[in-house]
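# Observations on the three-dimensional arrangement
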Amino acid sequence: MDVAATQLTITHPGAATPFTFTNLAFLTTPIGGLYISATDNIADANTLQIDLVGSTPTDGSALTATAGGAIVNWPGVGLVQWTNASGGLWNDPANWSGNVVPGPANDVEITLDGTY
């Protein structure tokens, strides 16, 4: 595997429920590339959400890119903290620690002042 390449690219309009990938294993660590690039290519009520279960590595969020509102949940992320003191959208990864939107397996902390 070319370590400068993106190992998995997904472009999809999203669905009513998340896509779950079980035991997905990336055998090389990207250097200059990504594990996953996910793009939700249609702006509608359906969000492209990918939930990884039992993946290797357990947290590849630092080497994951999303666009168009797509969400990729790695199982090893654990606690996710809200980081945007100005507010923002729940489903925007930039508003969360680790640049990942929390999924069903995550614990969430919102400790910044504000109305939530």
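See above for the structure.
Here we summarise the structure given alongside this text. Quick caveat: nothing in here was measured; it's all calculated off a predicted structure.

## Focus on the overall build of the protein chain
Within the protein chain, the secondary structure is distributed over 0 helices and 8 strands. When the helices and strands of the protein chain are placed in sequence order, the string is β-β-β-β-β-β-β-β. In summary, the protein chain has a C-alpha radius of gyration of 14 Å against a globular reference of 13 Å for 116 residues, a match within 12%. In terms of overall dimensions, the protein chain has a C-alpha envelope of 45 × 30 × 25 Å along the principal axes. Taking the contacts inside the protein chain whose residues are at least 6 apart along the sequence as the reference set, 59% of them involve residues at least 24 apart. Carbon together with sulfur atoms contributes 55% to the accessible area of the protein chain, which is approximately 6,400 Å² in total.

## Focus: the sheet that holds strand 5 (residues 64-67)
The 3 strands are arranged 1-3-5 in an open sheet whose pairing can be described as parallel. Sheet topology places strand 1 (6-12) and strand 5 at the edges, where each strand pairs with a single neighbour. With strand direction ignored, the average angle separating the axes of adjacent strands in the sheet is 10 degrees.

Thresholds applied
- Residues numbered from 1 in each chain as written.
- Predicted model: local features only at pLDDT ≥ 70, side-chain atom pairs only at ≥ 80, totals over all residues.
- Heavy atoms only, no water.
- Helix = DSSP H or I, 4+ residues; strand = E, 2+ residues; numbered from the N terminus.
- Rg over C-alpha atoms; globule rule 2.2 N^0.38 Å.
- Contact = heavy atoms within 4.5 Å.
- Areas by Shrake-Rupley, 256 points an atom, 1.4 Å probe, with all protein chains shown as cover.
- Pairing = 2+ DSSP bridges.
- Axes fitted to C-alpha atoms, helices over the stretch in contact; angles between N-to-C directions.

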